[in-house]
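Observations on the model geometry
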Amino acid sequence: MVSPMNNKPIIEIKNLRKSFGDNHVLEGFNMALYEGENLVIMGKSGSGKSVMIKCLIGLEEPDSGTITVMGKNINQLEHWELDELRTEIGFLFQGSALYDSMSVRENLEFPLRRHTKKFGIIEDTTPLVMEALENVGLEHAIDLMPSELSGGMKRRIALARTLILQPKIILYDEPTTGLDPITSKEIILLMMSIQKKYNTSSIIITHDVDCARVIANRMILLIDNINYAEGTFEKLSASEDPKIKAFFK
Amino acid sequence: MDNNSKVAESFKNFLIEIGELSYFTSRFFKELFNPPFELKEFLRQCYNMGNRSLLLVCVTGFIIGLVFTLQSRPTLEEFGAVSWMPSMVSISIIREIGPIITALICAGRIGSGIGAELGSMRVTEQIDAMEVSGTNPFKYLVVTRILATTMMLPILVFFGDAIAIFGSAMVENMKGNVSYLLYFNQVFDSLQFSDLIPTTFKTFFFGFAIGLVGCYKGYNCKKGTAGVGLAANSAVVYTSMLLFVIDFIAVFVTNIFYG
């Protein structure tokens, strides 16, 4: 297990605030992610987990607070600098977000062809695409369209697309939501094997207690728009606080 | 909420919408001239919009030509003015009917398609995924589509007009024993550059409006899957209204120059 004490934070969020009109979604959220760590963030629907993760990758602009990723304050970066940083951050979207009009191969090639600074201009992307598909066990799906894939397969392909840029950090937005228990378990095992193989650091946003139990090195509970509680799964699940207990029932 | 407040609220929302659309338009022009240029995607969109709408535009144009001639013939016969048929049909179609009907068809086919496609990409986070992948989604999705509709509509109108005049010639050939050669001679005799230039110019604006409203509605789609339907629907409604406004302005301006 990763000990935060021995590591430098790879992501640090301080006093993050974000509102949509009168809806105050985040009111002073703080967290740190350490190298090689799997950090699970749990919270009720609408508690701002997805907003926080989108602020982290620059898809949403925070009202105030600082977000430091790999030593860079993302709010102060130019657009091209943010794009460069994004090559080090993989994002697995809740609904997979595969491009409907592109085949699996084209979906995987898309970030490779766009982030040319990291890999240069690649003439033949097939070996990298195949490697990413092998990682998720779906080499045979290379020429299929997203509409021909099941929910679990879509999630795996999305994970392969995330992996193809070999990121140091992976952000998972509810990776098991909408999947049956068996497929969920497969996705969790896949996430663990990826973390082991590539030594990535991950933030996992989930409602799935089983997922959290298996994968979390550390957890944060996002309640009342702040990080209400923090600790290991064992520590938090043993808590007597009714707000915390509600998550583990 | 009383009626006055409702009207005030609707008016306020209308002004907000106009403001947002203006901002969207200014962003389009800003991104249009900033590299990198998404040439491959632009050509793909041109193919999708042009090639796939061609049959529909041609069939509609052909039927309009047929019907227009069939309906006008009895009246012209009554006044002994059947010989004016080629001039009347060609000027009406080239100046007005061809561009507006083709634009309305494209608003239904292309505008709603863009609205639904971008709307669904928005609600399924594909646009966010694109941004994370180091792509400017506005440039890749919006600029290419608006540019493609702007470029393709004049070409579609050209084909639609040609087929409509051919349809008219066919009716005249069958009903009035007018040869195709004579019919087309009369068509070209009656047409002038002052008929062609303003109408071609206006079709670029029609195409721009179709792409712009479709993209605006789709790109800013909210409220989940219901919002996708709403985006597609409102893209068609707003574009149709806008087309008539543009047409009115174009006719007004043309009259100033060509009196």
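Bear in mind that the values here come from a model prediction, so they are computed numbers and not experimental data. (Residues numbered from 1 in each chain as written. Chains lettered and ligands numbered in written order. Predicted model: local features only at pLDDT ≥ 70, side-chain atom pairs only at ≥ 80, totals over all residues.)

1. Quick notes on the overall build of chain B
Summing up its helical and strand segments, chain B has eight helices and zero strands in all. In terms of principal-axis extent, the alpha carbons of chain B reach across some 65 × 50 × 35 Å. Here chain B, with 259 residues, has 40% of them falling under the buried criterion. Of all intrachain contacts in chain B linking residues separated by at least 6 positions in sequence, the fraction that spans at least 24 positions is 87%. (Helix = DSSP H or I, 4+ residues; strand = E, 2+ residues; numbered from the N terminus. Buried ≥ 20, exposed ≤ 12 C-beta atoms within 10 Å, placed from the backbone. Contact = placed C-beta atoms within 7 Å.)

2. A few points about the overall build of chain A
The helix and strand tally for chain A stands at ten helices and ten strands. For 249 residues, the compact-globule formula gives about 18 Å, and the C-alpha radius of gyration of chain A, at 18 Å, lands near that figure. Here the C-alpha coordinates of chain A stretch approximately 55 × 45 × 40 Å along the principal axes. The buried share among the 249 residues of chain A stands at 43%. (Rg over C-alpha atoms; globule rule 2.2 N^0.38 Å.)

3. Here we look at helix α8 (residues 224-258) of chain B
All names here are of chain B. Given a rise of 1.5 Å per residue, 35 residues ought to cover 51 Å, and the 49 Å separating the end C-alpha atoms of α8 matches this to within 8%. Residues of α8 that are buried: V228, A231, A232, S234, A235, V236, Y238, T239, L242 and L243. Buried residues in α8 make contact with α3 (85-123) and α7 (193-219). (Expected span 1.5 Å × (residues − 1).)

4. Some remarks on the pairing of strand β9 (residues 218-223) of chain A
Residue and element names in this part refer to chain A. The element β9 is extensively covered by neighbouring structure, given that five of its six residues are classed as buried. Two strands pair when backbone bridges link them, and β9 and strand β10 (residues 226-231) are joined in this way by five bridges, in the antiparallel orientation. When the sheet's bridge partners are listed, L222 is paired in β10 with N227. Joining the antiparallel neighbours β9 and β10 is a turn of two residues, in which D224 adopts a positive phi near 55 degrees. (Pairing = 2+ DSSP bridges.)

5. A short note on the environment of L133 of chain A
Residues and elements named next belong to chain A. Relative to the elements of secondary structure, L133 occurs in helix α5 (residues 126-135). When the 23 C-beta atoms within 10 Å are taken as the criterion, L133 is described as buried. Considering only alpha carbons, one finds L133 and S147, 14 residues apart in sequence, at a separation of 17 Å. Filtering out sequence-adjacent residues up to four positions away, L133 remains in contact with L138, E139, A141, I142 and A160.

6. Brief notes about the packing of α3 of chain B against helix α5 (residues 137-176) of chain B
Put simply, α3 of chain B and α5 of chain B touch, their axes get as near as 7 Å, and they point 145 degrees apart. Here the hand of the crossing between α3 of chain B and α5 of chain B comes out right-handed. (Axes fitted to C-alpha atoms, helices over the stretch in contact; angles between N-to-C directions. Left-handed = near helix turned anticlockwise from the far one by under 90°.)

7. Section: the pairing of strand β2 (residues 23-34) of chain A
Residues and elements named next belong to chain A. Pairing analysis gives nine bridges linking strand β1 (residues 9-20) to β2, with the strands arranged antiparallel. For E12, the partnering residue across the bridge sits in β2 and is A32. In this structure, the hairpin formed by β1 and β2 is closed by a connection of two residues, where G21 is found at a positive phi of approximately 65 degrees.

8. With respect to the UniProt feature "transmembrane region" (unreviewed entry) in chain B
Annotation from UniProt places "transmembrane region" (unreviewed entry) at residues 54-72, 84-107, 146-171, 191-214 and 235-258 of chain B. The distance separating the terminal C-alpha atoms of residues 191-214 of chain B is 34 Å; by composition the span is 92% helix and 0% strand. (UniProt positions renumbered as here; feature names shortened; annotations may be inferred.)

9. Brief notes about the interface of chain B and chain A
Quite often, the size of an interface is put as the accessible area lost when its parts meet. On the chain A side, the residues contacting the ten residues of chain B number 13 residues. Residues that form the side of chain B that touches chain A fall into these classes: two nonpolar, five polar and three charged. (Nonpolar A, V, L, I, M, F, W, Y, C, P; charged D, E, K, R; others polar.)

10. Topic: the sheet that holds β9 of chain A
Two pairing modes exist for strands in a sheet, parallel and antiparallel, and in both the strands are linked by backbone hydrogen bonds. Residues and elements named next belong to chain A. On the basis of which strands lie adjacent, the open sheet formed by six strands has the order β6-β7-β8-β3-β9-β10 and mixed pairing. Single-partner strands in this sheet number two, and they are β6 (89-92) and β10. Adjacent strand axes in the sheet meet at a mean angle of 20 degrees, parallel and antiparallel pairs treated alike.

11. Here we look at the sheet that holds strand β5 (residues 72-73) of chain A
Residues and elements named next belong to chain A. Taken in spatial order, the four strands line up as β2-β1-β4-β5 in an open sheet, and their pairing is antiparallel. The outermost strands of the open sheet, each flanked by one partner alone, are β2 and β5. For strand β4 (residues 64-69) and β5, the ladder comprises two bridges, and the chain directions are antiparallel. Each bridged residue has a counterpart across the sheet, and for T68 the counterpart in β5 is N73. Sitting on the sheet, helix α1 (residues 49-56) touches β1, β2 and β4, and the angle it makes with β1 is about 120 degrees.

12. Regarding helix α6 (residues 151-163) of chain A
All names here are of chain A. The end-to-end C-alpha distance of α6, which contains 13 residues, comes to 18 Å, matching closely the 18 Å that a straight helix rising 1.5 Å per residue would cover. Judged by how many residues are buried, α6 sits mostly within the fold: eleven of 13 residues are covered. Taken together, the buried positions of α6 are M153, K154, R155, R156, I157, A158, L159, A160, R161, T162 and L163. Close packing links the buried residues of α6 with β6, α3 (104-114), α5, β7 (169-173) and α7 (181-198).

13. Side note on unusual backbone geometry
With an omega of 0 degrees, the peptide bond running from P35 of chain B to P36 of chain B counts as cis. Look at N199 of chain A: it is not a glycine, yet its phi comes out positive at around 55 degrees. Given 10 C-beta atoms within a 10 Å radius, N199 of chain A is considered exposed.

14. Describing the nonpolar core
Within the largest apolar cluster, 111 residues are counted, with the highest numbers of intra-cluster contacts made by V40, A160 and L171 of chain A together with I210 of chain B. Looking at which element gives the most residues to this core, the answer is α5 of chain B, with eleven residues. Of all hydrophobic cores here, the second largest spans twelve residues; its members include F68, V89, A164 and I165 of chain B. (Core = buried A, V, L, I, M, F, W, Y, C linked by C-beta atoms within 7 Å.)

15. A short note on the packing of helix α2 (residues 39-78) of chain B against α3 of chain B
The description of two packed helices rests on the angle between their axes and on the distance between the axes. All names here are of chain B. Packing of α2 against α3 brings their axes to within 9 Å, and their N-to-C directions diverge by 140 degrees. On the basis of the axis angle, α2 is oblique to α3. When the axes of α2 and α3 are compared, the crossing they make is right-handed. Residues M49, S53, L56, V57, T60, G61, I64, F68, T69, S72 and L76 of α2 pack against M85, M88, V89, I97, G98, I101, T102, I105, C106, R109 and I110 of α3. Tallied by class, residues from the contact of α2 with α3 come to 14 nonpolar, seven polar and one charged. (Parallel < 35°, antiparallel > 145°, perpendicular 65-115°, else oblique.)

16. Quick look at the environment of E106 of chain A
As for its position among the elements, E106 of chain A is in helix α3. For E106 of chain A, a count of 17 C-beta atoms within 10 Å corresponds to the partly exposed category.

17. Re the confidence of the model for chain B
Across chain B, the average pLDDT comes to 92, with 99% of residues at 70 or higher. Two summary scores accompany this predicted model of the complex, namely pTM at 0.87 and ipTM at 0.86. (pLDDT = per-residue confidence, 0-100.)

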